[in-house]
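Each chain, written out:
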Amino acid sequence: MHQIASKKLRTVRDLLRYAVSQFNASRLSFGHGSDNAWDEAAYLLLHSLHLPLDMLDPFLDARVLPAERERFLTLLERRITEHVPAAYLTGEAWLQGHRFVVDQRVIIPRSPISELLANGLSPWVADPDDVDFVLDLCTGSGCLAVLAALAFPNAQVDAVDLSERALEVADENIELSGLDGRITTHCSDLFEQLPQCEYQLIICNPPYVNNHSMEHLPQEYRHEPTMALAGGDDGMDLIRRLLQQAPDFLAPEGMLVLEIGHEYQHFVAAFPHLDPVWLSTENTEDQILLLTREQLAS
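Keep in mind that this is a model prediction, so the values were computed, not measured.

**Q** I'd love a proper account of the overall build of the protein chain, names of residues and values included.
**A** When you go through the protein chain residue by residue, the secondary structure sums to 12 helices and 9 strands. In terms of overall dimensions, the protein chain is globule-like: its C-alpha atoms have a radius of gyration of 21 Å, near the 19 Å expected for 298 residues. Seen through its C-alpha atoms, the protein chain measures out along the principal axes to roughly 70 × 40 × 35 Å. The buried share among the 298 residues of the protein chain stands at 53%. Taking contacts inside the protein chain between residues at least 6 apart in sequence as the whole, the part at least 24 apart equals 68%. As presented, the protein chain carries roughly 14,300 Å² of accessible surface, and 48% of it is formed by carbon and sulfur atoms.

Here you go:
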C-alpha cells in the first residue's frame, strides 16, 4: 500500500480521499469516537500532521512532505490490517471537548453519560453546586470522573475500578485535568474495598455486554479489555450486585445513573420490579437509566 500511495498522494486532500476509500473497502467497524469513515480518516490525518482537529478545510490543498505521508500511511495500514481503533493508534480520545489519554489498559471513552454530565444532569440535579460527593464506578480511563468533577464544582469524586492497570491510566488523566485534588482513585470490586460514604450521585458504565454479543463483537472491540465489556449470560452479572449494594452508599436523596447499552430487554427481564427513569441523549433513548435510593431500597 505504501509504495503505490507514496507516488501518487501529494496533498492533504489526496490522503483524505484515499483513506476514506480504503476504510470503506475494508469494512471497518466504527464507534470509538466516530461513526463513519470520513470523520475517522480526517481525525487520523489531522492528528498525524499535528494540525488542529477542527480545522481541515484550510489545509486540504497543502502539499505533504514524504515523512508526513509515510507517518499517516503507517497509521492507516494498522487501522485497516489490524482493526485497531483509532484512539489506540493516537493514544488519545476526545469526549465532550476534553482530551483523555488512552491505551489498551482501558476501554475507549465514549459513554453517553458524558453528555448528561455536560448538562449538569439537569433537571434531575437542581443545583450542581449542592452536590458534595460523587462516585464513578468502573471508571476505566477516569473520563466520567473528570467530567463529573467539572459538572459539580464543589464535589469530591471517588473513581473506582477493579483493574489496577486501568487506574494507572485514570490517575494520568486526573492529573492532566488539574483536578487531582478533588478526585481520588480506589482499586475496589464495586463497593467492597471502598470506605463508607453517602454519595448524592453514583454514576456507572459497567461491563454489560451479554455472552452472545461478546462472541460476535467486531474485531475493533476485541482490542479492548474483556473485563470492561463482558457482563455474563444476560449482561447483568455485575449490575445485579451493583443494584443490591448501592443503597448502602447513597445519601437519602441520592441517585444512581447507570449505562446498560443495548441490554434494555435483558435489564427489564432481570429487574421487572424496578421502574427507572430512562434518560435520553442525542443518540440514545433506552441505554441510560436513573434510579433513586428509595427505589433501590424498597
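**Q** Can you break down the side chain of arginine 79 residue by residue, with the values?
**A** With respect to the helices and strands, arginine 79 occurs in helix H4 (residues 66-81). For arginine 79, a relative accessible area of 1% gives the class buried. Within polar-contact distance, the side chain of arginine 79 engages the backbone oxygen of valine 84 at 3.5 Å. In this view, arginine 79 contacts Phe23, Leu28, Ser29, Phe30, Glu40, Leu44, Val84, Pro85, Ala86, Leu89 and Glu220; residues no more than four positions away in its chain are not counted.

**Q** Requested: an account of a negative patch on the surface, with residues and values cited.
**A** A cluster of like negative charges, contributed by Asp127, Asp129, Asp130 and Asp132, occupies part of the molecular surface. Of note, aspartate 132 is situated in the loop between helix H6 (113-118) and strand E3 (133-137).

**Q** Account for the pairing of strand E5 (residues 183-187), with residues named and values stated.
**A** Pairing of strand E4 (residues 156-161) with E5 involves 5 bridges; the strand directions are parallel. The partner of valine 157 across the bridge, within E5, is isoleucine 183.

**Q** How would you sum up helix H7 (residues 143-151)? Please name residues and give values.
**A** With respect to burial, H7 is a largely interior element, 8 of its 9 residues being buried. Along H7, the residues that are buried comprise Cys143, Leu144, Ala145, Val146, Leu147, Ala148, Ala149 and Ala151.

**Q** Outline the pairing of strand E7 (residues 250-259), supporting the account with residue identities and numerical values.
**A** With 8 of 10 residues buried, E7 lies mostly within the body of the structure. Where strand E6 (residues 199-204) and E7 come together, 5 bridges link them in parallel fashion. Among the inter-strand pairings, tyrosine 199 is bridged to a residue of E7, identified as leucine 250. Looking at chain direction, E7 and strand E9 (residues 288-292) are connected through 5 bridges and run antiparallel. Bridge pairing links methionine 255 to threonine 292 in E9.

**Q** Could you give me a rundown of the environment of aspartate 14, with the residues and numbers involved?
**A** Along the chain, aspartate 14 turns up in helix H2 (residues 12-26). Judged by its relative accessible area of 27%, aspartate 14 is partly exposed. For the pair aspartate 14 and alanine 62, spaced 48 residues apart in sequence, the C-alpha separation works out to 9.8 Å.

**Q** So what's going on with the state of the cysteines? Which residues, and what values?
**A** Within the structure shown, the criterion is met by 0 disulfides. Considering cysteine sulfurs only, cysteine 138 is the nearest to cysteine 143, which forms no disulfide, with 12 Å between them.

Cut-offs applied
- Residues numbered from 1 in each chain as written.
- Predicted model: local features only at pLDDT ≥ 70, side-chain atom pairs only at ≥ 80, totals over all residues.
- Heavy atoms only, no water.
- Helix = DSSP H or I, 4+ residues; strand = E, 2+ residues; numbered from the N terminus.
- Rg over C-alpha atoms; globule rule 2.2 N^0.38 Å.
- Buried < 20%, exposed > 50% of the residue type's maximum accessible area, 1.4 Å probe, protein only.
- Contact = heavy atoms within 4.5 Å.
- Areas by Shrake-Rupley, 256 points an atom, 1.4 Å probe, with all protein chains shown as cover.
- Polar contact = N/O pair within 3.5 Å; in protein donor to acceptor, adjacent residues only side chain to side chain.
- Patch = residues over 30% accessible without salt bridge, like charges linked within 9 Å, V, L, I, M, F, W, Y side chains within 5 Å.
- Salt bridge = Lys/Arg side-chain N within 4 Å of Asp/Glu carboxyl O.
- Lys, Arg positive; Asp, Glu negative; His and termini not counted.
- Charge placed at Lys NZ, Arg CZ, Asp CG, Glu CD.
- Pairing = 2+ DSSP bridges.
- Disulfide = S-S within 2.5 Å.

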